[in-house]
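Chain residues, written in single-letter form:
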Amino acid sequence: TQSAADRQSACAVGDPIYKRSPDLTKNPMTKSEQLLRIDDHDFTMRPAFGGPPIPVGVDVQVESIDTISEVDMDFTMTLYLRHYWKDERLSFPSNNNQSMTFDSRLVKKIWVPDMFFVHSKRSFIHDTTTDNVMLRVYPDGNVLYSLRVTVTAMCNMDLSRFPLDTQTCSLEIESYAYTDDDLMLYWKKGNESLNTDDRISLSQFLIQKFHTTTKLAFYSSTGWYNRLYIHFTLRRHIFFFLLQTYFPATLMVMLSWVSFWIDRRAVPARVPLGITTVLTMSTIITGVNASMPRVSYIKAVDIYLWVSFVFVFLSVIEYAAVNYLSTVQERKERKLRERVSLPCTCGIGNPDEMMIDPQITGYGSMDVNTTGNYGMPENGGRQERILAQVALNDPQITGQVKASRGYVNIWIDTHAIDKYSRVVFPGAYILFNIIYWSIYS
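The name an unreviewed UniProt entry gives the chain is Gamma-aminobutyric acid receptor subunit rho-1, with Fundulus heteroclitus as the organism. Within the UniProt record for the chain, the comment given under Sequence similarities (unreviewed entry) is "Belongs to the ligand-gated ion channel (TC 1.A.9) family. Gamma-aminobutyric acid receptor (TC 1.A.9.5) subfamily. GABRR1 sub-subfamily."

Student: Account for the packing of helix 5 (residues 239–256) against helix 6 (residues 267–290), naming residues and giving values.
Tutor: Where helix 5 meets helix 6, the axes come as close as 9 Å, and the angle between the chain directions of the two elements is 165°. Taken together, helix 5 and helix 6 sit at an angle that is classed as roughly antiparallel. Once helix 5 is placed against helix 6, the crossing between them reads as left-handed. Contacts between helix 5 and helix 6 pair Thr245, Pro248, Ala249, Met252, Leu255 and Ser256 from the former with Leu273, Thr277, Thr280, Met281, Ile284 and Val288 from the latter. In terms of residue class, the contact of helix 5 with helix 6 is made up of eight nonpolar, four polar and no charged.

Student: Describe the sheet that holds strand 8 (residues 166–175), and please don't skip the residues or the numbers.
Tutor: Read across the open sheet, the four strands follow the order 4-8-12-11; overall the sheet is antiparallel. Two strands in the sheet have a free side with no partner beyond their single neighbour: strand 4 (115–118) and strand 11 (205–219). Taken pair by pair, the neighbouring strands of this sheet meet at an average axis angle of 25°, ignoring direction. The pairing of strand 8 with strand 12 (residues 223–236) spans nine bridges and is antiparallel. Paired with Ser170 across the strands is His231, a residue of strand 12.

Student: Describe the pairing of strand 8, listing the residues and the values that go with them.
Tutor: Extensive coverage of strand 8 is indicated by the burial of eight of its ten residues. Pairing of strand 4 with strand 8, which is carried by four bridges, proceeds in the antiparallel orientation. Opposite Phe117, over in strand 8, you have Ile173 as the bridge partner.

Student: Which residues make up the state of the cysteines, and what are the values?
Tutor: All chains considered together, the criterion is met by one disulfide. The disulfide partner of Cys155 is Cys169, and the S-S distance across this bridge is 2.0 Å. Residues Cys155 and Cys169 are joined through a disulfide that is left-handed, its torsion about the S-S bond being -75°. Note that Cys155 is positioned in the loop between strand 7 (142–154) and strand 8 and Cys169 in strand 8, a separation of 14 residues in sequence. Residues Cys155 and Cys169 agree in their burial class; the two are buried.

Student: With reference to specific residues and values, describe a nonpolar patch on the surface.
Tutor: A cluster of nonpolar side chains, namely Val267, Val271, Ile275 and Leu279, defines an oily patch on the protein surface of about 310 Å² accessible area. Inspection of the secondary structure assignment puts Val267 in helix 6. On the basis of relative accessible area, Val267 is assigned to the partly exposed category, the value being 35%.

Student: Please provide a residue-by-residue account of the layout of surface pockets, values included.
Tutor: Quantified by volume, the largest pocket comes out at close to 300 Å³. Along its surface, the largest pocket is lined by 21 residues, and Ile125, Val133, Tyr145, Leu147 and Val149 are the ones closest to its centre. At the level of elements, strand 2 (74–86), helix 4 (104–107), strand 4, strand 5 (120–125) and strand 7 are the ones that each hand at least two residues to the lining of the largest pocket. Broken down by element, the lining of the largest pocket gets its largest block of residues, four residues, from strand 5. Its residues assigned to classes, the lining of the largest pocket comprises 13 nonpolar, five polar and three charged.

Student: Lay out the nonpolar core with the relevant residues and their values.
Tutor: General note: in soluble globular proteins, nonpolar side chains tend to be found buried as a group. Leu36, Val60, Ile65, Phe75, Leu135 and Leu171 are the most contacted members of the largest nonpolar core, which has 83 residues in total. Counting residues domain by domain, this core receives three or more from each of domain 1 (31–236) and domain 2 (240–332 + 430–440). Discounting chain neighbours no more than four positions away, the residues touching Leu135 are Met100, Thr101, Phe102, Leu106, Val107, Ile110, Val143, Leu144 and Tyr145.

Thresholds applied
- Residues numbered from 1 in each chain as written.
- Predicted model: local features only at pLDDT ≥ 70, side-chain atom pairs only at ≥ 80, totals over all residues.
- Heavy atoms only, no water.
- UniProt positions renumbered as here; feature names shortened; annotations may be inferred.
- Axes fitted to C-alpha atoms, helices over the stretch in contact; angles between N-to-C directions.
- Helix = DSSP H or I, 4+ residues; strand = E, 2+ residues; numbered from the N terminus.
- Parallel < 35°, antiparallel > 145°, perpendicular 65-115°, else oblique.
- Left-handed = near helix turned anticlockwise from the far one by under 90°.
- Contact = heavy atoms within 4.5 Å.
- Nonpolar A, V, L, I, M, F, W, Y, C, P; charged D, E, K, R; others polar.
- Pairing = 2+ DSSP bridges.
- Buried < 20%, exposed > 50% of the residue type's maximum accessible area, 1.4 Å probe, protein only.
- Disulfide = S-S within 2.5 Å.
- Patch = residues over 30% accessible without salt bridge, like charges linked within 9 Å, V, L, I, M, F, W, Y side chains within 5 Å.
- Areas by Shrake-Rupley, 256 points an atom, 1.4 Å probe, with all protein chains shown as cover.
- Salt bridge = Lys/Arg side-chain N within 4 Å of Asp/Glu carboxyl O.
- 1 Å grid on protein atoms, 1.4 Å probe; cavity = no way out; pocket = protein on both sides within 12 Å on 5 of 7 lines; lining within 4 Å.
- Points joined across faces, edges and corners; volume = space filled by probe spheres on them.
- Core = buried A, V, L, I, M, F, W, Y, C linked by side-chain atoms within 4.5 Å.
- Domains from an automatic or database assignment.

Structure below.
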């Protein structure tokens with residue numbers, strides 16, 4: 001049996017087909033370092049050192065965009081970064097096996113491009129369960145070097161239109177040591193070199209497009225470098241901010257208008273309503289600014305919230321003006337009543353004691369209940385006219401009435417302030433919304 005096996009082995013060795021196809025990659029006894037002649041070359045030098053720059057093609061597969069932070073002005077992206085170049089020092093004889101694939105252990109023994117991410121804050125190569133690095137070498141010396149990287153890079157955002165904004169962020173790739181005289185970095189397939197996963201989605205943004213560009217970067221101390229750019233444009237979803245910011249602010253402004261329909265003498269009703277709306281608007285503004293960077297310019301949401309705050313604040317000031325003018329009027333009314341010897345029936349239980357001479361007032365007989373409510377009118381109409389007529393028909397105080405005619409006008413204006421506010425405030429706020437949304441949407 002042993003002799004038969006020896007004869008069969010001898011025939012296999014003497015087979016001419018075997019002699020024509022020496023494939024050392026199929027021989028398990030051949031070490032990869034010996035096959036690639038690692039020890040025969042100095043891989044600390046780039047390929048074709050002293051000659052023209054070595055072209056290194058790059059393509060990227062974007063796996064995910066993890067986070068985008070307005071506070072830190074950065075984004076986090078996970079991607080597959082692939083490099084393509086040719087190193088004839090790694091060529092090997094092979095007829096059947098088209099390429100050989102290695103992990104990170106061989107990468108440390110050969111030359112690879114020294115790429116880094118410009119303006120990156122943090123980055124790392126994934127190492128679960130082993131380093132996510134692949135090296136594929138072809139018989140003619142072409143090399144594919146791929147690694148899975150997560151990088152956090154800076155993104156300069158313009159938040160002047162926040163949250164109705166569109167942001168463009170860039171990931172920049174560049175060689176750290178080799179200038180354009182030694183290494184020519186380029187996108188392997190142009191704009192098609194950038195591929196994205198269809199499942200990429202963000203909670204606050206809609207990814208509009210990805211595209212690539214190439215530029216030269218100059219450093220005064222070292223020279224010119226090829227730099228690759230990955231640009232992606234993001235448009236922010238507005239629905240979340242409509243529910244959390246714009247809609248509550250609008251409701252608070254509308255709630256402040258309710259005070260215009262409340263009697264001006266109902267101080268316990270109108271004052272707490274105004275204070276509540278002002279404090280609520282302050283809370284909304286504080287909550288929005290707490291999640292935003294402290295930029296030195298005004299954002300679109302700031303304009304809306306602060307204008308809404310001004311409307312709420314003006315509704316409180318409106319009642320303060322009405323209340324103040326009413327107090328002034330009551331004081332002047334009391335003085336005029338004393339001058340014409342007109343008794344005040346405020347708080348009098350029996351209004352029948354008060355009589356008004358129709359020759360003085362210019363009115364005929366009056367209802368007792370009407371005169372009894374004098375000083376606390378329900379509609380503020382007839383009783384005020386009576387007082388004005390009394391003052392005008394008394395010849396002894398004609399000069400004084402002339403000096404106090406503004407009193408009658410002020411009394412009427414206090415009724416008109418609430419009436420006009422019911423129209424002016426909503427109209428002005430609607431006009432503001434039309435202008436605001438036409439500019440920023």
